[in-house]
Amino acid sequence: MKLPRLLQSLLLAAWSLAASAATPPMQVPDTIAQRAAACIACHGREGASADGYFPRLSGKPEVYLFNQLRSFRDGRRFNTDMTHMVQHLSDAYLRELAAYFAGLDLPYPPTPAATDATPAMLARGLALAFQGDAARGIPACAQCHGQALTGVLPGIPGLLGLPRLYLSSQLGAWLTNDRHALAPDCMAEVGRKLTTADINAVTSWLALQPVPADSHPAATLPGPLPTPCSALDR
């Protein structure tokens, strides 16, 4: 005896519903690593990417990461995706994310072997990194970011192991007044003094530098800051 088509469909639906009810739902682990997985799409696995535009997160100073997340949320930095991700998150949640990524200690990718920068550009970049330009009031990168350029605790980031495109875009944002930090905003003061040629030179040089074996941020500055900076506020 054949069952009517409608009855067959109803029986099949009931069987499927019973089968799904008998299968326990998949449990997603409630961990900070799982919640931080949303960052992977752009920043790479565990925030260790150095591809294209997106910066590395792993191992950066916790206070720096927290300040950047807060700046995206509060409008001092502008990126549609980042703002969407963090706009409803509390300070406590942002601190938890920052602590997670700061605590990762992952290897860096190989340094690019080629560049389209000229020897003169690279020489200029080296000079800006370690000497600055006193005549124009531009301090050396190393005065704030550490002699090894790996950053300084609690809130100054490293400059090595980052894509040239990312470095140039961020320095350009300081130059055009599109990026801000909490007062006193030292990079805004420095960034406005840079030219496009300065930015091309220093980022070309930085992108070619190998990351030292000890890539951790320095515990202290090599000397006094050339200008007051909120990056050292906890």
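Before reading further, recall that the structure is shown in the block above.
Residues numbered from 1 in each chain as written. Predicted model: local features only at pLDDT ≥ 70, side-chain atom pairs only at ≥ 80, totals over all residues. Heavy atoms only, no water.

Participant: Account for the overall build of the protein chain, with residues named and values stated.
Facilitator: Counting its secondary structure elements, the protein chain contains 11 helices and zero strands. Along its sequence from the N terminus, the protein chain presents helices and strands in the succession α-α-α-α-α-α-α-α-α-α-α. Long-range pairs, those at least 24 residues apart, make up 69% of the contacts in the protein chain between residues at least 6 apart in sequence. Surface exposure of the protein chain reaches about 13200 Å², of which carbon and sulfur atoms provide 62%. (Helix = DSSP H or I, 4+ residues; strand = E, 2+ residues; numbered from the N terminus. Contact = heavy atoms within 4.5 Å. Areas by Shrake-Rupley, 256 points an atom, 1.4 Å probe, with all protein chains shown as cover.)

Participant: Tell me about the nonpolar core, residues and numbers included.
Facilitator: Ranked by internal contacts, the top residues of the largest apolar core, which has 37 residues, are F101, L149 and L206. Elements with a minimum of two residues in this core: α4 (62-74), α5 (80-86), α6 (91-102), α7 (119-130), α8 (141-145), α9 (164-175), α10 (186-191) and α11 (196-207). Setting aside anything within four residues of it in sequence, one finds L206 in contact with L149, L159, L160 and L167. (Core = buried A, V, L, I, M, F, W, Y, C linked by side-chain atoms within 4.5 Å. Buried < 20%, exposed > 50% of the residue type's maximum accessible area, 1.4 Å probe, protein only.)

Participant: Can you explain the environment of A142? Please cite residues and give values.
Facilitator: Within the element layout of this structure, A142 appears in helix α8. When its relative accessible area of 4% is taken as the criterion, A142 is described as buried. Those residues within four positions of A142 in sequence are excluded, and the remaining contacts are A129, F130, Q147, L149 and P222.

Participant: Run through α7, naming residues and quoting values.
Facilitator: The first and last C-alpha atoms of α7 sit 17 Å apart over 12 residues, in line with the 16 Å expected at 1.5 Å per residue. Of the surrounding elements, those touching the buried residues of α7 are α8 and α11. Downstream of α7 by one or two residues, G132 has phi in the positive range, about 75 degrees. (Expected span 1.5 Å × (residues − 1).)

Participant: Run through the packing of aromatic side chains, naming residues and quoting values.
Facilitator: Counted according to the given criterion, the structure contains four aromatic pairs. Measuring from ring centre to ring centre gives 5.8 Å for Y53 and F54, while their planes differ by 80 degrees; the resulting arrangement is edge-to-face. Take F54: its relative accessible area is 34%, and that puts it in the partly exposed class. Arranged with centres 5.9 Å apart and planes meeting at 75 degrees, the rings of Y53 and Y166 form a pair that is edge-to-face. Remark: Y166 occurs in helix α9 and Y53 occurs in the loop between α3 (40-43) and α4; sequence separation between them is 113 residues. (Phe/Tyr/Trp six-rings, centres within 6.5 Å; stacked < 30°, edge-to-face > 60°.)

Participant: If you had to explain unusual backbone geometry to someone new, which residues and values would you point to?
Facilitator: Omega for the bond connecting L153 with P154 falls within 30 degrees of zero, at 5 degrees, which places this linkage in the cis form. The step from A183 to P184 runs through a cis peptide bond, and the omega angle for that step is -5 degrees. As for its placement among the helices and strands, P184 is situated in the loop between α9 and α10. Although it is not a glycine, L149 sits at a positive phi angle of roughly 60 degrees. Note on placement: L149 falls in the loop between α8 and α9. Using a relative accessible area of 2% as the deciding quantity, one classes L149 as buried.

Participant: I'd like to hear about a nonpolar patch on the surface, residue by residue, with values.
Facilitator: Together, Y53, F54 and L165 make up a nonpolar patch on the protein surface, roughly 260 Å² of accessible area in all. Structurally, L165 is set in helix α9. (Patch = residues over 30% accessible without salt bridge, like charges linked within 9 Å, V, L, I, M, F, W, Y side chains within 5 Å. Salt bridge = Lys/Arg side-chain N within 4 Å of Asp/Glu carboxyl O.)

Participant: Break down α9 for me, with residues and values.
Facilitator: Look at α9: 16 Å from first C-alpha to last across 12 residues, which is about the 16 Å you get at 1.5 Å a residue. Among all positions of α9, only Y166, L167, S168, Q170, L171, G172, A173 and W174 are buried. Structurally, α9 contributes buried residues whose contacts are with α4, α10 and α11. One or two steps after α9, the chain reaches N177, where phi turns positive at roughly 65 degrees.

It is worth stressing that arrangement in space is one thing and function is another; only the former is reported here.
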